[in-house]
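Next come the chains, spelled out residue by residue.
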Amino acid sequence: RCAGRVEVFYKNQWGTVCDDHWDLEDASVVCRQLGCGTALSAPGAGHFRAGSGPIWLDDVNCTGTEAALSYCRMKGWGKNNCHHGEDAGVACSGNASNEGQGDFHGALLSPSVDSSSRPMAFHASPAELRLVNGLNRCSGRVEVMHDHQWGTICDDDWDFLDATVVCRQLGCG
């Protein structure tokens with residue numbers, strides 16, 4: 001099901017949306033932008049667990065007809081009076097089955113939209129990763145758990161930003 005904490009990508013960083021004034025019209029825009037059908041609910045108060053990092057949006061006020069969340073009225077990027085216990089969420093009528101957006105294995109989904117208003121893929125809770133054959137726990141070949149089996153990641157277009165995400169997820173700086 002398309003449901004989870006709403007996160008947006010801005011200035012090369014994921015952040016959350018505050019639930020101040022968050023309602024069904026706002027959730028409708030997110031669900032539509034992600035191709036997930038109609039909004040069933042717009043839970044707040046960190047219903048899908050508190051996020052981390054910046055809180056990018058606050059006082060979001062959509063009419064429900066906008067093509068993307070970034071077109072809705074808001075306080076301004078990064079301007080908020082919130083804490084992560086107020087992270088906004090959505091529950092949509094559809095499933096996370098958009099072509100080319102991956103297999104999510106029933107993980108808690110965090111719908112996400114970016115500041116350029118293009119639909120983004122759903123991002124599951126962090127995949128289970130490990131580093132093998134390295135000198136310590138923070139070095140080695142990256143492997144990911146998929147369908148209860150460890151596998152490698154292709155290095156095509158792999159770069160420093162990808163490695164930074166892995167390091168952060170593994171608590172390695």
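Everything in this summary refers to the structure shown in the same document. One numbering rule holds for all chains: residues counted from 1, following each sequence as written. Totals for whole chains, interfaces and linings use all residues, but because this is a predicted model, local features are given only for residues with pLDDT of at least 70 and pairs of side-chain atoms are given and counted only at 80 or more. Processing note: side-chain calculations cover all non-hydrogen atoms of the structure and skip hydrogens and water entirely.

### Quick notes on the pattern of salt bridges
Just to be clear on terms, a salt bridge is a Lys or Arg side-chain nitrogen sitting within 4 Å of an Asp or Glu carboxyl oxygen. With the rule as written, the count across this model stands at five salt bridges. Aspartate 58 serves as the salt-bridge partner of lysine 75, at 3.5 Å between the closest nitrogen and oxygen. Taken as a pair, lysine 75 in the loop between β5 (55-57) and β6 (89-92) and aspartate 58 in the loop between β5 and β6 lie far apart in primary sequence, 17 residues in all. Residue lysine 75 is classed as partly exposed on the basis of its relative accessible area of 36%. Summary of the burial criterion: residues with accessible area below 20% of their type's maximum are buried, those above 50% are exposed, and those between are partly exposed, where the area comes from a 1.4 Å probe applied to protein chains only. With a relative accessible area of 0%, aspartate 58 lands in the buried category. Of the charged contacts, one joins glutamate 143 and arginine 130 as a salt bridge, the two residues approaching to 2.7 Å between their closest N and O atoms. Residue glutamate 143 is found in strand β11 (residues 141-146), and its partner arginine 130 is found in strand β10 (residues 129-132); the two are separated by 13 residues along the sequence. Taking the relative accessible area as the measure of exposure, glutamate 143 reaches 7% and is therefore buried. Numbered from the N terminus, helices here are DSSP runs of H or I no shorter than four residues, and strands are runs of E no shorter than two.

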